[in-house]
Amino acid sequence: MEVIIKEDYEEISKLAAQIIAGIVRINPRAVLGLATGGTPVGCYRELVRMHGEEDLDFSQIVTFNLDEYVGIAKDHEQSYYRFMWDNLFSHVNVVPANVHIPDGNAEDLHVACDEYEIEMDEHGGVDIQLLGIGSNGHLAFNEPGSSLGSRTRIKTLTERTRQDNSRFFENIDEVPKYCVTMGIGTIMESGKLLLLANGANKAEAIAAAVEGPITASVPASAIQLHPDVTVIMDRAASSKLTREYHSQPHFLEGEEQ
Ligand code: PGA
């Protein structure tokens, strides 16, 4: 696992975008696994800049998002569908048919979850999966106690997650109670994992995920089993780590940043 500690959110975002852009440039048909929430916003902003200023081409890129709320309309301000179009897709040349976001309004959610997995398989799986981490250690919407072998399915959000996400809604009662999320088993099949974290409220979860035992009680600790993981965080999120880590990835060693 490569653990990189940066000074601030902007640095995390730039490095994350640089890693994703590197994959897109090598493989213009890459399958990107994407995440929502406050954390990846800066990374998406940087990818949009690279598209505009550095010809980063998304025309053949395929995307699969991690999760979606159940029961809010696609065009609701807080749907993850809307988030992705507002923050990334509307500003780059991705082909809408290549975008996949779980449908939280599907008539049969169980069938839709199974089909989502099949579609991922049909595209050869995700090449790089961008991830955040919940303050309770959740990975996507896999809350503590989620099976480490789980697949895309319906889950109930914990009170802690609903509380954390209530900052985006008028009040906590507006936050959906259910979601559809890729499973931990699904996420672990990605070619590479790129997990971002910033802020002191993530410090405990990061320490448990990176240095703690692998346990379903901290779903993000499953990343320790993956052969190709990069975790990028700011100093505040790193404050409970005890080992020594780097400030830049191996591929940049010796270079000015
Ligand atoms: P955040 O959420 O980026 O809004 O902090 C991350 C997560 O819940 O996985």
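Quick caveat, the model's predicted, so the values are computed rather than measured. (Residues numbered from 1 in each chain as written. Predicted model: local features only at pLDDT ≥ 70, side-chain atom pairs only at ≥ 80, totals over all residues. Heavy atoms only, no water.)

A. Examining the site of the ligand more closely. The immediate surroundings of the ligand are formed by Gly 37, Gly 38, Thr 39, Gly 132, Ile 133, Gly 134, His 138, Arg 167 and Lys 202. A distance of 2.8 Å is found between an oxygen atom of the ligand and a backbone nitrogen or oxygen belonging to Gly 38. The protein chains hide 86% of the 280 Å² of surface that the ligand would expose on its own. (Near = heavy atom within 4 Å. Polar contact = N/O pair within 3.5 Å; in protein donor to acceptor, adjacent residues only side chain to side chain. Areas by Shrake-Rupley, 256 points an atom, 1.4 Å probe, with all protein chains shown as cover.)

B. Spatial organisation of the packing of helix α2 (residues 41-54) against helix α3 (residues 80-87). Running from amino to carboxyl end, α2 crosses α3 at an angle of 40°, the nearest separation of the two axes being 10 Å. In terms of axis orientation, α2 runs oblique to α3. Each of Val 41, Tyr 44 and Val 48 in α2 lies in contact with α3, whose residues at this interface are Phe 83, Met 84 and Asn 87. Its residues assigned to classes, the contact of α2 with α3 shows 5 nonpolar, 1 polar and no charged. (Axes fitted to C-alpha atoms, helices over the stretch in contact; angles between N-to-C directions. Helix = DSSP H or I, 4+ residues; strand = E, 2+ residues; numbered from the N terminus. Parallel < 35°, antiparallel > 145°, perpendicular 65-115°, else oblique. Contact = heavy atoms within 4.5 Å. Nonpolar A, V, L, I, M, F, W, Y, C, P; charged D, E, K, R; others polar.)

C. Fine view of the pattern of salt bridges. For the coordinates displayed, the defined rule picks out 11 salt bridges. One salt bridge connects Arg 49 with Glu 46, and the closest N-O pair in it is separated by 2.9 Å. Here the residue Arg 49 and the residue Glu 46 both occupy positions in helix α2, the gap between them amounting to 3 residues, near one helical turn. In this structure, Glu 117 and Arg 151 form a salt bridge, with 2.8 Å as the shortest nitrogen-oxygen distance. With Glu 117 in helix α4 (residues 109-122) and Arg 151 in the loop between β6 (128-131) and β7 (153-156), this pair connects stretches of sequence that are 34 residues apart. (Salt bridge = Lys/Arg side-chain N within 4 Å of Asp/Glu carboxyl O.)

D. Looking closely at the sheet that holds strand β10 (residues 229-234). In spatial order, the strands read β1-β10-β9-β6-β2-β3-β5; together these 7 strands make up an open sheet with parallel pairing. The two strands at the open ends of the sheet, each matched to only one other strand, are β1 (2-6) and β5 (99-100). Of the strand pairs in this sheet, strand β3 (residues 62-65) and β5 are connected by 2 bridges, and their pairing is parallel. Across the sheet, the residue bridging to Thr 63 is Val 99, located in β5. Lying on the sheet, helix α1 (residues 9-26) is in contact with β1, β2 (31-34), β6, β9 (192-197) and β10; it crosses β9 at an angle near 165°. Helix-sheet contacts for α4 involve β3 and β5, and the interaxial angle to β3 is about 150°. (Pairing = 2+ DSSP bridges.)

E. How the structure looks around the environment of Lys 155. Among the secondary structure elements, Lys 155 is positioned in strand β7. In the structure, Lys 155 is positioned 129 residues away from Ile 26 in sequence and 36 Å away in space, judged by C-alpha atoms. For Lys 155, the contacting residues outside a window of four places in its chain are Phe 141, Ser 146, Lys 177, Tyr 178, Cys 179 and Thr 181.

F. Structural view of the layout of surface pockets. When its volume is computed, the largest pocket comes out at roughly 550 Å³. Residue assignment for the lining of the largest pocket shows that the elements contributing at least two residues are β4 (67-69), α3 and α5 (159-165). Counting residues per element, the lining of the largest pocket draws most heavily on α3, at 5 residues. The class makeup of the residues in the lining of the largest pocket is 10 nonpolar, 15 polar and 7 charged. Taken as a whole, the second largest pocket holds about 200 Å³ of empty space. Taken together, 15 residues make up the lining of the second largest pocket; nearest its centre are Lys 74, Tyr 81, Ile 101, Pro 102 and Asp 103. Class assignment of the residues belonging to the lining of the second largest pocket gives a composition of 9 nonpolar, 3 polar and 3 charged. (1 Å grid on protein atoms, 1.4 Å probe; cavity = no way out; pocket = protein on both sides within 12 Å on 5 of 7 lines; lining within 4 Å. Points joined across faces, edges and corners; volume = space filled by probe spheres on them.)

G. Examining the sheet that holds β4 more closely. Spatial strand order, β4-β8-β7: 3 strands in an open sheet with antiparallel pairing. The open sheet is flanked by β4 and β7, the only strands paired with a single partner. For this sheet the average axis-to-axis angle between neighbouring strands, irrespective of direction, equals 30°. The sheet contact formed by β4 and strand β8 (residues 178-181) spans 3 bridges and is antiparallel. For Asp 67, the partnering residue across the bridge sits in β8 and is Thr 181. Contacting β7 and β8, α4 runs over the sheet at an angle of about 120° to β7.

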